[in-house]
Each structure stands twice: as structure tokens, then as C-alpha cells.
Amino acid sequence: MPVAPNKTASSPLGQLLLLIILWSALFAPGGEAAAKTLSYFGQGGQQTVGGSLHVLENSSGLYLIDVGSFVGGDGPNYPWPAEIPVARIRALFITHIHADHIGRLPLLLHQGYRGPIHLSRVSYELARVTLPANLHLIDLGPERFYYSRNNAGRKRIPVYLEGYDFGERAVKPQNRIYFTSHRHRLATQGYHLARPQRQKLEAELLARLDEQAIINDPDQPFTVDEFKARFLTTPHMAGSVMVELEYRGLRILFAGDTGANGSPLLPDNPGFSQPIDLLFLEGTYGRDRELAPAAARADFRRELAARLAEGYRVVIPAFALDRSQQIVQEIGRAAANGQLPPDQVVRVCSSTARALLNRYADFVGRDEFAPYFRPEVDESHFLPPGYRPDCSSDDPDNPLGLQHGEIGVMTSGMADYASARQALLDYLEDPKTLFYFTSYQAPASLGGRLTAGSKPPAELRIGAYRRQVKAKILQTSGFSGHSSPREMIEIFTAAQPRRIYLVHLDRRNATTLANRYRQEFQAEIIIPRQTERHQLYP
């Protein structure tokens, strides 16, 4: 029996319906054309230096590059951005483990992310030290805490999170006093996480990291859904990498924080044998350095030697991660070449920094870590003869115990917290103390306020306190983990980028830097705003 012709399909209305069906199949979410699209937006690192959080989106879901914390009031670290539904995240790539690139990872895990975390071998090892050490500083929003009424009135009260079981060590229910707070505010309220509570939280975090981490060594290609991926080392800090992605023939490079060549610790930046279509490039520094890193470090060693010979106490605010280790390495070099006494006392005032010194020493000489360090680096560089792992005294006027003629490496790097802040309170009014800043200082930070302008302010407000600025204040670019614009041009010119997205950008540098790169690279320059969407493919 013959089949009757389809009159609907042959009519103008039927043809229109077929076109609509075909359009829906090709271009609606999940269709073939939609699957080929790729867009970018960010929730940190767009016109701010910190808070790195970059998102690639296609029909399969979201792919995150970094998940960092904001610093210096650039943005909120809680809540998790609603624009990034956790259920849609397919993978996370970590360029390195400075807090402004990984600090919101505990929040992401707390929100229920169970997918892969791609990071380098050294980043994984260092994250196992730094993430647990900073659990008390993260913001997971309002949490319910309690303490024993027997501890009421103490100067620092140990507290516990509701819902955790501590067995025989538990505070009896009838003795519990409950309150709600944010975890990172506990210290300012006179509380601290009790040791058994911290141990449980650290164990939970390490278990999640071990479960979800996927280690990718440099120059070893790997695949994530439709992306062909590769990590490339950059001398920003130990373990730091660029993330190279290829998507349907489109080559994308997230350069992360790009270090300057010539580090005495880390290998130089890679060369590029093939062009990069889209380059996401940091803009932390808007001007070229006055001195090359090697020359600046030589000046640093000479200045240390001169001031210590004059009987100065030297305070070096430094991030516990990587910066402290590089500073100790440089002090060891000065002692080895006779600029400082061979047993020059250097105190490292951070348990985390001390743990990392030992970890760095352990990396050196092991084959699996060889791609991440220069071959001439030796474990003794991180543990020189004058190293002292203590930084306290019974003297109420000098609780840090740092004497004149000694060097103290103090966390934090911008002097807002921990031992560096205490050092400002104790030593800022001493004319025989030198504060030597060795990193970028956010304008609103204590270090930023001390180093801004041609000379320090006459007075510094530190919380509720005021201090006259009588100490000597210096800053060096020798330890910077960031390339200057001239160095960026040298590194990436061979990649021939046709479009550059400037991220991790100090707004004061934006126009000058964009104009310079536009001329030098002959490329389209885009400065994205937070949440602003950009079509990358097709």
C-alpha cells in the first residue's frame, strides 16, 4: 500500500516548522552548535589583583581556573558566588597555592564540590601544609560555636563547632554556651578553635584533598572533557604553573602569576613553539623594574649586612609560603659569601613557614620534584647555621624576642596579621629597627600605607593603636614573583597572542599597561569586569 505524501512538510507552514525544529536542535542548549561555544567570565581577579577565580563555560558545564581569596578589601570571600552553581562545575585547575589563588577552595568544598582538582605535584604537597594551617582564617559564613562555661572570662577561650563529637573530651551539654560567628572573626572576639576541633577539621580537609586531587606534572598533556590541557612551569613560586588549554583548535593560555626569569630557586619560563590565540595575562605591575631581580637581591644582601653591622634589628614581613623560604635562602647566601657572619641569627616567626622550610629541603634532590627546581639548589639553602625555629620570649615588652643584631622573618607579608603586625606594634617606634618589605603591598594594607609615596607616614594606625613611625622602612622588588611589563613582552612575544585579557590588574595601571601591550603585541587588549561574559569560541 503506497504511503501518502506528507502535505504538512511540503507546505510553507510545514517548512517553517521544520526550520524551527532544526534551529532548536542545532542552537538550543545541548544542541550541536551550542556545544561548540565557549565563554569566559570571572568572579575575582578582574580589575583586582587578588581573588583569582576564572570560569570557562560550555554546554557541558563550568571549568574553573583558580579559586582564590580577595585581599585588602577588594571583594567578599563569602558567600560562594551564585553565578557559579557548584553542581555545574566539571573541573578545577589550580595555578599555584598562594591564598589569592586557592583561598576559597575550602568554601567550594564546603558547598559540596566533589569533582577533580588539577594541580602540580609541588602545589599538592604544599597545599597539604598550608590549607590546614589556615582553616581558622577562612570564611564559611555564620557558624554555630560553643565553649565551656568553665572557660568564661579567660583571655582566649577555646571553642568548638556544633555537630562534632569529641568523645570523652567533649564539653558536657549542660556546660555549653552557644554563639554564632564567622570563623575568621573568632580571634578578634577572644576565641580560638580548640585543638581537637582543629585536628578534626584538618583531617577532613586533607581527606577531601587526597580524594579529589589529580597531580599533573609540567609538560605532561592530559584531557578534561573536550579540553586538551598542559601545565607549564613559571618561576612565581615553587609549584606554580601556567594552564594551557586547547578547545576545538582554539589555544588558550592562563598565565597565572608569571614569574621573572633568573630566579635562583626555580626554572625559567617556557618557550612557545606554537602561537596562543587567547592569553589571560596578569597586570599586577604596571611599570618596569628599576633593577633586575638578581641586582635587587644583591642590594638586599648589602643593605642587610650594613644595617646589622650598625646594630639594627631587622624585621622582614613575609608570606609564610614561599617568600619566607626564599628570604632564608638569600640570607644563607649572604652568610656563605662572607657578607654576614656564618652563624647570623635568623628567626622564622611562623610554625607554617618553619614546616615549609623543612618541606622545601625535602624536595631538593628527589627525582619526582626535579622539574620544579634549579639543579644547583641544595637543602642547606633552607636551613642555614644561624636559623632559629623560635620566636618568643617572656619579656612583656618584647614578646617576639627579636634582639638588635638579629633578623626576624615575620608573617604576614603585608603586615596586617600575625607576627608582622605584632612587630609593628613593638618595634615601629624604635629608630634602630629596619622593616624590609619584600612583596607587593596592597594600598589598604599596613605595609601598603608604610611604603606608599616617597617617604613613610609620620604615624601609623594599627587597629585601635597608634604608633609613631621612627623605624627605617625599605622595600625591594628582588623577591617579586611577578614579571614586569618588559619581561612579559620578552616572555610572550613568541606566542603571538591575537587577543589578551588583562587580569589580576591594579586599576591604577590599566590604561598605561593596555596601551603599551596593544602597541608591543599588536593584539586586541581586553580588560574584563567581574561577571562580564566574553564569547571565546567560535
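Structure shown above.
Draft legend 1. Examining the nonpolar core more closely. In terms of nonpolar packing, the biggest core is built from 82 residues, with Leu 64, Trp 80, Leu 108 and Leu 126 touching the most fellow members. Examining the composition of this core, we find that 6 residues originate from one element, helix 10 (residues 351-363), more than from any other. Excluding residues within four positions of it along the chain, Leu 108 makes contact with Leu 64, Val 67, Trp 80, Val 86, Ile 89, Leu 92 and Tyr 113. The next biggest cluster of nonpolar side chains, apart from the first, holds 26 residues, and it includes Leu 38, Ile 252, Ile 526 and Leu 536.

Draft legend 2. Looking closely at the sheet that holds strand 7 (residues 157-161). Across the sheet, 4 strands lie side by side as 8-6-7-9; this open sheet has mixed pairing. Looking at the sheet topology across the chains shown, the edges are occupied by strand 8 (176-182) and strand 9 (191-193). For this sheet, the mean angle separating the axes of adjacent strands, direction not counted, is 45°. Pairing of strand 6 (residues 142-148) with strand 7, which is carried by 2 bridges, proceeds in the antiparallel orientation. Paired with Phe 145 across the two strands is Leu 161, which belongs to strand 7.

Draft legend 3. Spotlight on the pattern of salt bridges. Applying the stated criterion across every chain, the model contains 35 salt bridges. For Glu 368, the salt bridge goes to Arg 366, with nearest N and O atoms at 2.8 Å. Judged by its relative accessible area of 33%, Glu 368 is partly exposed. Residues joined by salt bridges that share partners form a network here, namely Glu 125, Arg 359, Asp 362, Arg 366 and Glu 368.

Draft legend 4. Structural context of the side chain of Ser 69. Within the secondary structure, Ser 69 sits in the loop between strand 3 (61-65) and strand 4 (89-93). There is a polar contact of 3.5 Å between the side chain of Ser 69 and the backbone oxygen of Gly 103. Setting aside anything within four residues of it in sequence, one finds Ser 69 in contact with Gly 50, Gly 51, Asn 77, Ala 99, Asp 100, His 101, Gly 103 and Arg 104.

Draft legend 5. Up close: the packing of aromatic side chains. By the definition in use, this model includes 26 aromatic pairs. With a centroid separation of 4.2 Å and 10° between ring planes, the pair formed by Phe 254 and Phe 280 is classed as stacked. Placement of Phe 254 in strand 14 (residues 250-254) and of Phe 280 in strand 15 (residues 278-283) is noted, with a sequence separation of 26 residues between them. Grouping residues by exposure puts Phe 254 and Phe 280 together as buried. Sitting above the plane of the Tyr 146 ring, Arg 176 keeps its charged end 4.4 Å from the centroid. For Arg 307, the ring lying beneath its charged end belongs to Tyr 312, and the centroid distance is 5.4 Å.

The rules behind each value
Residues numbered from 1 in each chain as written. Predicted model: local features only at pLDDT ≥ 70, side-chain atom pairs only at ≥ 80, totals over all residues. Heavy atoms only, no water. Core = buried A, V, L, I, M, F, W, Y, C linked by side-chain atoms within 4.5 Å. Buried < 20%, exposed > 50% of the residue type's maximum accessible area, 1.4 Å probe, protein only. Helix = DSSP H or I, 4+ residues; strand = E, 2+ residues; numbered from the N terminus. Contact = heavy atoms within 4.5 Å. Pairing = 2+ DSSP bridges. Axes fitted to C-alpha atoms, helices over the stretch in contact; angles between N-to-C directions. Salt bridge = Lys/Arg side-chain N within 4 Å of Asp/Glu carboxyl O. Polar contact = N/O pair within 3.5 Å; in protein donor to acceptor, adjacent residues only side chain to side chain. Phe/Tyr/Trp six-rings, centres within 6.5 Å; stacked < 30°, edge-to-face > 60°. Lys NZ or Arg CZ within 6 Å of the ring centre and 35° of its normal.

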